[in-house]
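Analysis of the macromolecular model
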Amino acid sequence: MTATYIGAIDQGTTSSRFIIFDPSGRIIAMAQKEHEQIYPKPGWVEHNPMEIWRNTQEVIAQALEAKGLKPSDLAAVGITNQRETSLVWDRKTGEPVHNALVWQDTRVDQIVRRYAAEGGAGRFREKTGLPLASYFSGLKLQWLLDNVEGLRPRAAKGELAFGNIDTWLMWKLSGGRAHITDVTNASRTQLMNLKSLEWDNAMLEAFQIPPSLLPKICSSSEVYFEAEGVLKGAPIAGDLGDQQAALVGQVCFEPGEVKNTYGTGCFMLMNTGETLFHSKAGLLTTVAYRFGQNKVCYALEGSVAIAGALVQWLRDNLGLIKTAPEVEALAKTVKDNGDVYIVPAFSGLYAPYWRDDARGIVAGLTRYARSGHFARAALEAVAYQTCDVAQAMAADSGIAIKELRADGGMVGNQLLMQFQADMLGVPVVRPPVAETTALGAAYAAGLAVGVWKGLGDLKANWSASARWTPAMADGERQSLYASWKKAVGRSLDWAI
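Here goes a summary of the coordinates provided. (Residues numbered from 1 in each chain as written. Predicted model: local features only at pLDDT ≥ 70, side-chain atom pairs only at ≥ 80, totals over all residues. Heavy atoms only, no water.)

A look at helix 16 (residues 474–491)
- Helix length check: helix 16, at 18 residues, gives a terminal C-alpha distance of 26 Å against a target of 26 Å (1.5 Å per residue), a fit within 8%.
- Residues R477, L480, Y481, W484, A487, V488 and S491 constitute the buried set of helix 16. Viewed along the axis of helix 16, the buried residues span an arc of 115°, placing them on a single side of the element. In helix 16, those exposed residues whose orientation departs by more than 90 degrees from the buried face are Q478 and R490.
- Residues of helix 16 that are buried make contact with strand 17 (341–343), strand 18 (361–363), helix 12 (371–397) and helix 13 (414–424). (Helix = DSSP H or I, 4+ residues; strand = E, 2+ residues; numbered from the N terminus. Expected span 1.5 Å × (residues − 1). Buried < 20%, exposed > 50% of the residue type's maximum accessible area, 1.4 Å probe, protein only. Arc of directions from axis to C-beta. Contact = heavy atoms within 4.5 Å.)

Set out below in structure tokens:
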């Protein structure tokens, strides 16, 4: 048969998936497997890279088998990944030298504070678009080099390779031939110059990173290599960090278009085209995508650390629900939040606050509060954090958000989506395919091999399957949001 299907490896924070799409963007097959979350110390979060690689191979094989397909039936495969999660491996053996440090990991807090004390938290924004924070890859790499015995001398000898998870998977899929990343993932290391799209020598010197560790920076859509092993012969042709992939999957190709992904964290991106806005309101400037040799497109991003993870906390730590979807039914047992607010600053607060001294709190408790109020407060916390980011985005860009395109695991929660529309005061829309992150990776790969001829083909695939319009009075919206901001204030200055 003619290879017209497109595969997407979606390697996320909690699981690895392989999804196969047809040219209309419809899902043909999918397989998923969770991996272990490793917490060696408070604030430390790790993943086992070999477990991720094993799981990735398993889900690829399962999805292909489910439809009786072979790798040769795939016109191309794209990769999308949890960004900022950092690892180092041996170039000869392909074995990791340490677990991957996950984007949520805060072990470099003290290093962040030292750099900030020397020149301010925004000292590298002009070059990288990013503030100093534990979030990004560069300082995680520095920590590994300085804290894993023998690593820095081995790095100096050129024996080691560094990458985010996309780079790790491409190394393994190529049999160790390809040490590459794309501009979106590179833009999250705090080591790439946003204008030149190359590793910045001054940043490498500042962070004490040997250049030999780093992968080659490529575009987000080009044929990188033909895969070995479980995908043998299939062209690997797309690479996007997960949130940029969702922007592409939501076909937000015009400046001012905005998407928000409700996953483990919550990530809002606004396409700003070829304009590079340096945020003054606590957002990140990042690369949106670069297709082939076309001009790069930039984005403003607001990153919220804890969204779906808060529902997992209610399930796993408090035992209020048995499965994540039960949170909506529990929240509906009460008519409002009972003045209960949860600020989920489990690893500090990300955009627009960037406060690593914040810690999670529950505010407004009385004897009246019960489990339903906790469930409702958890869902509302996701929406409030999104409002914080949306306000900052409008302030930075001067563009009022007219509509929010929503995707991710939480978009099936009707209560949350309606509350989000109410708090933003604009419609929230959801496309038929909720897996827009994987779809964006498939789009990037398919563009590279001609499955789609251009962005017009991708736009033609998009439609709205659900729409939520605001129904809350302005006075109620303002009152609720004022209480949220008060609760956020109480969470600050906890971890010093």
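Points about the nonpolar core
- By size, the foremost hydrophobic cluster in this structure holds 74 residues, and its most contacted members are Y135 and Y262.
- In terms of residues, this core owes the most to one element, helix 12, which gives 14 residues.
- Counting residues in hydrophobic clusters, the runner-up holds 37 residues, among them V112, V148, L151 and A186. (Core = buried A, V, L, I, M, F, W, Y, C linked by side-chain atoms within 4.5 Å.)

Section: unusual backbone geometry
- For the bond from A351 to P352, the omega torsion is -5°, close enough to zero to count as cis.
- Looking at the secondary structure, you find P352 in the loop between strand 17 and strand 18.
- The phi dihedral of D493 falls on the positive side, at around 60°, and the residue is not glycine.
- Along the chain, D493 turns up in the segment after helix 16.

Quick word on the pattern of salt bridges
- Enumeration according to the criterion identifies 32 salt bridges in this entry.
- Close ionic contact of E435 with R17 constitutes a salt bridge, the shortest N to O distance being 2.5 Å. Of the two residues, E435 is situated in the loop between strand 20 (428–430) and helix 14 (436–449) and R17 in strand 2 (residues 15–21); the sequence distance between them amounts to 418 residues.
- By relative accessible area, E435 is classed as partly exposed at 21%. (Salt bridge = Lys/Arg side-chain N within 4 Å of Asp/Glu carboxyl O.)

Details of the packing of helix 2 (residues 109–119) against helix 4 (residues 137–147)
- Remark: helix 2 packs on helix 4, axes separated minimally by 10 Å, with the N-to-C direction vectors making an angle of 115°. As the angle between them shows, helix 2 and helix 4 are arranged roughly perpendicular. Between helix 2 and helix 4 lies a crossing whose hand is right-handed. Of helix 4, the residues touching helix 2 (which contributes I111, V112, R114 and Y115) are L139, Q142 and W143.
- Residues that form the contact of helix 2 with helix 4 fall into these classes: five nonpolar, one polar and one charged. (Axes fitted to C-alpha atoms, helices over the stretch in contact; angles between N-to-C directions. Parallel < 35°, antiparallel > 145°, perpendicular 65-115°, else oblique. Left-handed = near helix turned anticlockwise from the far one by under 90°. Nonpolar A, V, L, I, M, F, W, Y, C, P; charged D, E, K, R; others polar.)

What to know about the sheet that holds strand 21 (residues 466–468)
- Strand order in this open sheet of seven strands is 15-16-14-13-19-20-21, and the pairing throughout is mixed. At either end of the open sheet lies a strand with only one pairing partner, and these are strand 15 (284–289) and strand 21. Across the sheet, the mean angle from the axis of one strand to that of its neighbour is 30°, orientation sign disregarded.
- Lying on the sheet, helix 12 is in contact with strand 13 (258–262), strand 14 (266–273) and strand 16 (297–304); it crosses strand 14 at an angle near 20°. (Pairing = 2+ DSSP bridges.)

Examining the state of the cysteines
- Within the structure shown, the criterion is met by zero disulfides.
- In this model C252 remains outside any disulfide bridge; the closest cysteine sulfur is found in C297, 12 Å from its own.
- Owing to a relative accessible area of 13%, C297 belongs among the buried residues under this scheme. (Disulfide = S-S within 2.5 Å.)

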